[in-house]
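# Working through the structure, step by step
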Amino acid sequence: MTSTHQASTNTTAVPLPNRDAMSGSAVNRPPPVWSLESNKISIAPLAEKCDKLNRQDGICCKELKNEDDRILIDPDVIRDIIIGLSDGLTVPFALTAGLSGLGTSRIVVVGGLAELIAGAISMGIGGFLASQAERDHYRFLQRHTYSRVMRSCIGEMEREVYAVLGPVGVDESTSSAVANCLRKIEDEPGFDGSTPAPADEEKPSRGMKSDSGLTPFLLKFGEGMEEVPTRRLYISAFTIGTGYLLGGIIPLLPYFFIPRAIEALKYSCIITGIVLLIFGAVKGRVTGAARSIWGYIWGAISTMAVGGFAAAAAYGLVIAVERSSTS
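Every value quoted in this text rests on a predicted model; they were computed, and no experiment measured them. (Residues numbered from 1 in each chain as written. Predicted model: local features only at pLDDT ≥ 70, side-chain atom pairs only at ≥ 80, totals over all residues. Heavy atoms only, no water.)

### So, the overall build of the chain
This is how it is decided: Only runs of H or I of at least four residues qualify as helices and only runs of E of at least two qualify as strands under DSSP, and these elements are numbered from the N terminus. Three labels apply to residues, based on accessible area from a 1.4 Å probe with only protein chains included: buried if under 20% of the type maximum, exposed if over 50%, partly exposed otherwise in between. Between two residues, a contact is recorded if the distance between any of their heavy atoms is within 4.5 Å. For the area figures, the Shrake-Rupley method with a 1.4 Å probe applies, and any residue is considered shielded solely by the protein chains shown.
Along the chain, the regular secondary structure elements total 10 helices and 0 strands. Each helix and strand of the chain, ordered N terminal to C terminal, gives the series α-α-α-α-α-α-α-α-α-α. Counting across all 327 residues of the chain, residues that qualify as buried make up 28%. For the chain, restricting intrachain contacts to residue pairs at least 6 apart in sequence, the fraction spanning at least 24 positions comes to 73%. Approximately 21,500 Å² of the chain is accessible, and the part contributed by carbon and sulfur atoms is 62%.

Here you go:
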């Protein structure tokens, strides 16, 4: 007992670390990514939210694909291509078919080339002016909407935002929060929101942005309009004009090699009909309209029917005029 007691008394005591020193070292430590307190709900950052860890295959949902994984082209470009090609395949084809009733291929070639060049230029200019008018209309509404936002109270803006978000299922409180957040963006110095809205709605703040804030929100989701970039004007003109030129040269090809117009018309009908079938099927593919084989067939047949009807009408009109003049 005595030896045991002596051994216990000779044991060296180890002092505990100072509480102040521990608290000081904790300050220098980086904070945890998520809260470790049990009384608070930990919320993962938005970039970390993913259910791939709970999936057996470990694949993120954005990497999952549907059965139909086609990639569609810009709808504005597709629209211009369809306008140019469809008009180019139809109008010159109808013109050449009508001129074929005059007998010689030379007349058809001269008239077809004149119409083709003039039509391509006209279609290109029309596409440019149409895009320009759309851009000018958007900019006018942008100035008008910006002035209205600047002179309206936050309550009115909350009602307008709720009129846009309410029908899609957003509650009133969330809609009000969105309206206040977007309004704060336009109250920043870049928007010059600290000064009253100008009396002339055509001259809003020079710092007005076009991609953020309440004004573009109301235009995009309320009016369904977006800014038309300047390069879009030239792309539209080039696409429509080139499409018309490429489409219109196809019906003219047989007339360059066959002297008799009636004989060349047969080959022109065959070539143009095949191209119209292919064009209709491809159009259904790139626009997403064709969901099955019947969709491709319907797109091909309907496109060929339109072109054939126009050519038949033009040819019949020329024949009728020719016969009435000779009788």
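### Focus: the nonpolar core
It is characteristic of soluble globular proteins that their nonpolar side chains tend to be buried jointly. Note the cut-off: The nonpolar core is taken to be a set of buried Ala, Val, Leu, Ile, Met, Phe, Trp, Tyr and Cys residues, with the residues joined through side-chain atoms within 4.5 Å.
Counting 15 residues, the largest nonpolar core has Val108 and Tyr255 as its most contacted members. Counting residues per element, the ones that place at least two in this core are helix 3 (75-99), helix 4 (105-151), helix 8 (230-257) and helix 9 (261-287). When residues of this core are assigned to their parent elements, the largest contribution, 4 residues, is made by helix 4. Apart from residues lying up to four places away in sequence, Tyr255 is in contact with Thr96, Ala97, Ser100, Ser105, Val108, Val109, Ala261, Ala264, Leu265 and Ser268.

### What about the pattern of salt bridges?
Spelled out, the test is: A pair is scored as a salt bridge if a Lys or Arg side-chain nitrogen falls within 4 Å of a carboxyl oxygen belonging to Asp or Glu.
Taken as a whole and judged by the stated rule, the model has 9 salt bridges. The shortest N-O distance in the salt bridge between Arg79 and Asp80 comes to 3.5 Å. On the accessibility criterion, Arg79 (36% relative accessible area) is partly exposed. Judged by its relative accessible area of 1%, Asp80 falls in the buried class. One salt bridge in this structure joins Arg260 and Glu263, with 4.0 Å as the shortest N-O distance. Accessibility expressed as a relative area gives 28% for Glu263, which makes it partly exposed. Three or more residues joined by partner-sharing salt bridges are found here, namely Arg79, Asp80 and Arg232.

### Considering the confidence of the model for the chain
Quick reminder of the rule: Think of pLDDT as the predictor's per-residue confidence, scored from 0 to 100.
Residues with a pLDDT of 70 or more make up 70% of the chain, whose mean pLDDT is 76. Helix 1 (residues 2-9) is the least confidently modelled element of the chain, averaging 49 in pLDDT, while helix 8 averages 91, the highest of any element. Note on residues 22-27: pLDDT is under 50 here. Beyond four places in sequence and across chains, it has 1 contact. Confidence drops under a pLDDT of 50 for residues 192-207, and excluding neighbours within four residues, the segment shows 25 contacts in the predicted structure.

### As for the layout of surface pockets
As a reminder, the rule being used: In this analysis, the protein atoms alone were mapped onto a 1 Å grid. Cavities are point sets where a 1.4 Å probe fits without being able to get out; pockets are open sets with protein on both sides within 12 Å along at least five of seven lines; lining residues have an atom within 4 Å of a point. Grid points are joined across faces, edges and corners, and a volume is the space filled by probe spheres set on the points. Residue type decides the class: Asp, Glu, Lys and Arg count as charged, Ala, Val, Leu, Ile, Met, Phe, Trp, Tyr, Cys and Pro as nonpolar, and the leftover types, Gly among them, as polar.
Space inside the largest pocket adds up to approximately 280 Å³. Lining the largest pocket we find 14 residues, and of these Asp76, Glu227, Val228, Pro229 and Arg232 sit closest to its centre. Elements supplying a minimum of two residues to the lining of the largest pocket: helix 3 and helix 8. For the lining of the largest pocket, the class distribution of residues is 5 nonpolar, 1 polar and 8 charged.

### What about the side chain of Thr303?
Mapped onto the elements, Thr303 comes out in helix 10 (residues 293-326). Once you skip the residues sitting within four places of it in the chain, Thr303 turns out to touch Leu276, Phe279, Gly280 and Lys283.

### Some points on a nonpolar patch on the surface
This is how it is decided: For patch detection, residues must exceed 30% relative accessible area and be free of salt bridges, and they are connected within 9 Å for like charges or within 5 Å for nonpolar side chains (Val, Leu, Ile, Met, Phe, Trp, Tyr).
On the surface, Leu277, Ile293, Trp294, Ile297, Ile301 and Met304 cluster together into a nonpolar patch covering about 580 Å² of accessible area. When residues of the nonpolar patch are assigned to their parent elements, the largest contribution, 5 residues, is made by helix 10. On the basis of relative accessible area, Met304 is assigned to the partly exposed category, the value being 32%.

### Brief notes about the environment of Ser176
The topology assignment puts Ser176 in helix 6 (residues 172-186). Taking the C-alpha atoms as reference points, Ser176 and Met157, 19 residues apart in sequence, are found 8.6 Å from one another.

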